[in-house]
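Overview (structure and organization)
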Amino acid sequence: MSKTLITSALPYINGVPHLGHMVGCLLPSDVYARYMRMMGNDVLYIVGTDEHGTTSEVGALKAGMDIQSYCDMNHERHYNTYKDFGLSFDYFGRTSSEQNKEMTYHIFEQLDKNGYIEERTVKQIYSIDDQMFLADRYITGTCPHCGYEKARGDQCENCTQVLEPTDLINAKSTISGSSNLEVRETKHLFLNLPKIEPLLRQWLITKEPFWPEVAYSIAQKWLKEGLQARCITRDLKWGFPVNKPGFEDKVFYVWFDAPIGYIGITKQWADENPKNRNWKDWWYDATNVRHVEFMGKDNVPYHSITFPATLLGTGENWTQVDYLKGVSYLTFEGGKFSKSENRGIFAEDAIKEFPADYWRYWLMSNIPEASDTSFTFDLFASIINKDLNGVLGNFVSRVLKMTSSKIGNEVPSGGNLGALEEKLITTLQARVNDYFKYMNELEFRKAFAELRQIWVEGNNYISEAEPWVVIKEDVEKASQILRTCINLIRIFAILSAPVMPTTSEKMLQKLGLTLSDIPSIKDFNIAQEITAIKAGTPFEVGDMLFERIPEERIAELKEKYGASK
RNA sequence: CGCGAGGUAGAGCAGCCCGGUAGCUCGUCAGGCUCAUAACCUGAAGGUCGUUGGUUCAAAUCCUUCCCUCGCAACCA
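Analysis parameters
- Residues numbered from 1 in each chain as written.
- Chains lettered and ligands numbered in written order.
- Predicted model: local features only at pLDDT ≥ 70, side-chain atom pairs only at ≥ 80, totals over all residues.
- Heavy atoms only, no water.
- Helix = DSSP H or I, 4+ residues; strand = E, 2+ residues; numbered from the N terminus.
- Rg over C-alpha atoms; globule rule 2.2 N^0.38 Å.
- Buried < 20%, exposed > 50% of the residue type's maximum accessible area, 1.4 Å probe, protein only.
- Areas by Shrake-Rupley, 256 points an atom, 1.4 Å probe, with all protein chains shown as cover.
- Lys, Arg positive; Asp, Glu negative; His and termini not counted.
- Charge placed at Lys NZ, Arg CZ, Asp CG, Glu CD.
- Salt bridge = Lys/Arg side-chain N within 4 Å of Asp/Glu carboxyl O.
- Domains from an automatic or database assignment.
- Contact = heavy atoms within 4.5 Å.
- Buried area = accessible area lost by both parts, 1.4 Å probe.
- Polar contact = N/O pair within 3.5 Å; in protein donor to acceptor, adjacent residues only side chain to side chain.
- Nonpolar A, V, L, I, M, F, W, Y, C, P; charged D, E, K, R; others polar.
- Near = heavy atom within 4 Å.
- 1 Å grid on protein atoms, 1.4 Å probe; cavity = no way out; pocket = protein on both sides within 12 Å on 5 of 7 lines; lining within 4 Å.
- Points joined across faces, edges and corners; volume = space filled by probe spheres on them.
- Pairing = 2+ DSSP bridges.
- Axes fitted to C-alpha atoms, helices over the stretch in contact; angles between N-to-C directions.
- Parallel < 35°, antiparallel > 145°, perpendicular 65-115°, else oblique.

Helices and strands together make up the secondary structure of chain A, namely 19 helices and 16 strands. For chain A, whose C-alpha radius of gyration is 27 Å, the value lies close to the compact-globule estimate of 24 Å for 565 residues. The dimensions of chain A, computed from C-alpha atoms along their principal axes, are 90 × 55 × 40 Å. Burial status across chain A gives 57% buried among its 565 residues. Roughly 24100 Å² of accessible area belongs to chain A as shown, and the carbon and sulfur atoms make up 47% of that amount. Charge centroids of chain A, computed over 62 positive and 76 negative side chains, lie 1 Å from each other.

Here it is, written out as structure tokens:
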């Protein structure tokens, strides 16, 4: 059995995940993991929170908490949100874990031993009142070029000039507001990327035919512009203390230990059941592992350049990314999501408004693959009303209600498959093959457009077969048609499970089944599946699968989530 | 001249790599059906494929000019 290692970019603990984060890495990784499991693959699906860095320190300070409790609290919050969205990760870990510390130290030692680490002294702004060095973005002041008063230390948003923090007039710390700043020298460790570059190029070239264009072109861009040594340590408190003499008062930069977190979290997972789990089977001298990573496009450089270079520099045989799914941005009603401006719908709120499957289906069938995509409530409602209610929900409803009222609450017996069913089987098999093909290629938009067409085939079939007419003349034939339709419900439930697990369960429940009854979908054969449910099996009509979203509700939502701003 | 991605019917997208009657979904209009969630099925209207020039028998597709949108620009996760 081939092994599939699936990782989602680790959400930063201090952030509040919005729909863009969900669709960028968390949801697609889950959908893919569920699909690969159903295909019979041995899947390990790893997610967790990325916890180190200034942002956490500042967040804790503002919340009046110590950093550890602050992170504990937020970790819990992330976990609950993702569970609510139905994410099926095998482990939800943390980059601040002991296991990750161990991994980070080991990888750093190897890099150092191989001569890829160098010391440099840099000048940095120190805030005397905050008692810390400030990252550029934590300094604001007046732009010397255009006079804009809220220019950041790295760049002026107004005139787009790239700045040094020392250029700013009346520079202030954004943390305390203090202007009691000075430039200090500080010694840091750098990862010598130019030295690893030849290895990296050699490795990357093998990926070109497989990666999506967005991901590969971003990686190429970085190589083209030339790699520079990258600072991997910081003057902070919250992080792993550097395990090198003379640097004990520094910590590793969050971007150094965050991707290593995939490995560290795998070890967390393994440590919970050491008899049956071994992290090395997935990461170290591992054979037959295909590693698929999911991330927003802003993360691509780190996963295609920095992290692979880090692993290559160890000289050890680490599992590298085989397929990198880079996803563009989801915008909100044409603008940016912004918590501070109360603009956009965030994951915790989204789940209170509608069931997870509504979001999962919308987001996956509109995932920003080729370019940035805008979320609008109008579009959302139209998809939910048309695809989920009109096409799928209504099909289930019309079939079960008709069978129940005309014949009874058992799958009806009698009749044989005919020419119409032959045609249905052929059409459906072709569509299912395409659906699987797109899923294998991680072409989600196309995959879910195909899934929708599969549902449509159900309505097409029942329209042509007209059981409501046939039943007046030939009850046996009508029974066969309805039995076929009930089997279609089962087939639709199975095929929809990766994207709408709860709805699938609901559909199967009506037929007295659960998802765990479903065998592998590898070699899914419609001709066989179409008769899987036998005559006499009891079923219940139950509730409707989905609810329509009326016009008034859309207007309310737009108002509530700042769609007009 | 910083870099990248995108600009295709009212809306959202596919097609572009490997040139050859412009396709899908929603919306609109008309018809059908009455089992079902004002649903479902069928059909029609609607596009000089951002702009300029070029290559070619032939360009949405290849090369070129300019314009617009979004993102990135390495101490922001």
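After that view of the structure, there is still more to cover.
This part covers the pattern of salt bridges. Inspection of the entire model under this criterion finds 25 salt bridges. For Asp-372, the salt bridge is made with Lys-297, and the minimal N-O distance between the two is 3.1 Å. Here Asp-372, found in the loop between α11 (356-365) and β16 (373-375), pairs with Lys-297, found in the loop between β13 (289-296) and α9 (300-313); they are 75 residues apart in sequence, far enough to count as distant. Overall, the relative accessible area of 24% leaves Lys-297 in the partly exposed class. Put simply, Glu-353 and Arg-553 hold a salt bridge, and the shortest N to O gap is 2.7 Å. Of the two residues, Glu-353 sits in helix α10 (residues 347-353) while Arg-553 sits in helix α19 (residues 551-560), which places them 200 residues apart along the sequence. Residue classification places Glu-353 among the buried positions, given a relative accessible area of 16%. Taking the relative accessible area as the measure of exposure, Arg-553 reaches 22% and is therefore partly exposed.

Taken as a whole, chain A is organised into domain 1 (3-105 + 254-358), domain 2 (117-195 + 208-234) and domain 3 (379-529). Contact residues are listed per partner, giving 22 residues for domain 1 and 17 residues for domain 2. Regarding the contact of domain 1 and domain 2, the summed buried area is about 1700 Å², with carbon and sulfur atoms giving 76% of it. Counting across the interface, domain 1 meets domain 2 through zero salt bridges. For the interface between domain 1 and domain 2, the tally reads zero residue pairs in polar contact (both at pLDDT 80 or more). Those elements giving two or more residues to the side of domain 1 that touches domain 2 turn out to be α2 (54-63), α7 (254-271), α9 and β14 (323-327). The element best represented in the side of domain 1 that touches domain 2 is α9, accounting for eight residues. Broken down by class, the residue content of the side of domain 1 that touches domain 2 amounts to twelve nonpolar, six polar and four charged.

Thr-55, Tyr-253, Trp-255, Asp-372 and Lys-401 are the nearest of the 52 residues found near RNA strand B. Here the atoms of RNA strand B within 4 Å of the protein split so that 69% fall in sugar or phosphate, with bases taking the remainder. Here a base oxygen of RNA strand B sits 3.4 Å away from a polar atom, N or O, in the main chain of Gly-393. The contact in question runs from a phosphate oxygen of RNA strand B to an N or O atom on the side chain of Arg-452, over 3.0 Å. Contributions of two or more residues to the surface near RNA strand B are made by β4 (117-127), α6 (213-225), α7, α12 (377-406) and α14 (444-465). For the surface near RNA strand B, the leading source of residues is α12, giving twelve residues. The residue inventory of the surface near RNA strand B, partitioned by class, reads 14 nonpolar, 18 polar and 20 charged.

Over the atoms, a rolling probe the size of a water molecule traces out where space has been left empty. One pass over the structure, following the stated rule, counts one cavity of 30 Å³ or more. Computed from the structure, the largest cavity encloses a volume of approximately 100 Å³. Around the largest cavity, the lining residues are Leu-191, Arg-230, Cys-231, Ile-232, Tyr-253, Trp-255, Phe-256, Pro-259, Tyr-302, Thr-306, Phe-307 and Thr-310. Looking at the lining of the largest cavity, the elements that each hand over two or more residues are β10 (230-231), α7 and α9. Of all the elements, α9 adds the most residues to the lining of the largest cavity, at four residues. Among the residues forming the lining of the largest cavity, the class breakdown is nine nonpolar, two polar and one charged. The residue makeup of the lining of the largest cavity includes at least three contributed by each of domain 1 (3-105 + 254-358) and domain 2 (117-195 + 208-234).

Before going further, it helps to spend a moment on the sheet that holds β14. Across a sheet, paired strands are connected by hydrogen bonds in the backbone, their directions being either parallel or antiparallel. Strand order in the open sheet formed by five strands is β3-β2-β1-β13-β14, and the pairing between neighbours is parallel. Looking at strand neighbours, the two that pair on one side only are β3 (91-94) and β14, the edges of this open sheet. Neighbour-to-neighbour, the strand axes of the sheet open up by a mean angle of 20°, direction not taken into account. Pairing geometry for β13 and β14, over five bridges, is parallel. The residue bridging Glu-293 from the neighbouring strand is Leu-324, located in β14. Here helix α3 (residues 67-84) sits on the sheet and contacts β2 (42-49) and β3; the angle it forms with β3, its principal contact strand, is near 160°.

Looking now at the packing of α11 against α12. Put simply, α11 and α12 touch, their axes get as near as 10 Å, and they point 105° apart. Classified by the angle between their axes, α11 and α12 sit roughly perpendicular to one another. The segment α11 lies against α12, with Tyr-358, Trp-359, Tyr-361 and Trp-362 engaging Leu-379, Phe-380, Ile-383, Ile-384, Asp-387 and Leu-388. Among the residues making up the contact of α11 with α12, the classes are represented as nine nonpolar, no polar and one charged.

Between helix α13 (residues 419-440) and α14, the shortest axis-to-axis distance is 8 Å and the interhelical angle comes to 170°. Between α13 and α14, the interaxial angle falls into the category roughly antiparallel. Across the interface between the two elements, Leu-420, Glu-421, Lys-423, Leu-424, Thr-427, Leu-428, Arg-431, Val-432, Asp-434, Tyr-435, Tyr-438 and Met-439 from α13 touch Phe-444, Lys-446, Ala-447, Phe-448, Glu-450, Leu-451, Gln-453, Ile-454, Glu-457, Tyr-461, Glu-464 and Ala-465 from α14. A class-by-class count of the residues in the contact of α13 with α14 yields 14 nonpolar, two polar and eight charged.

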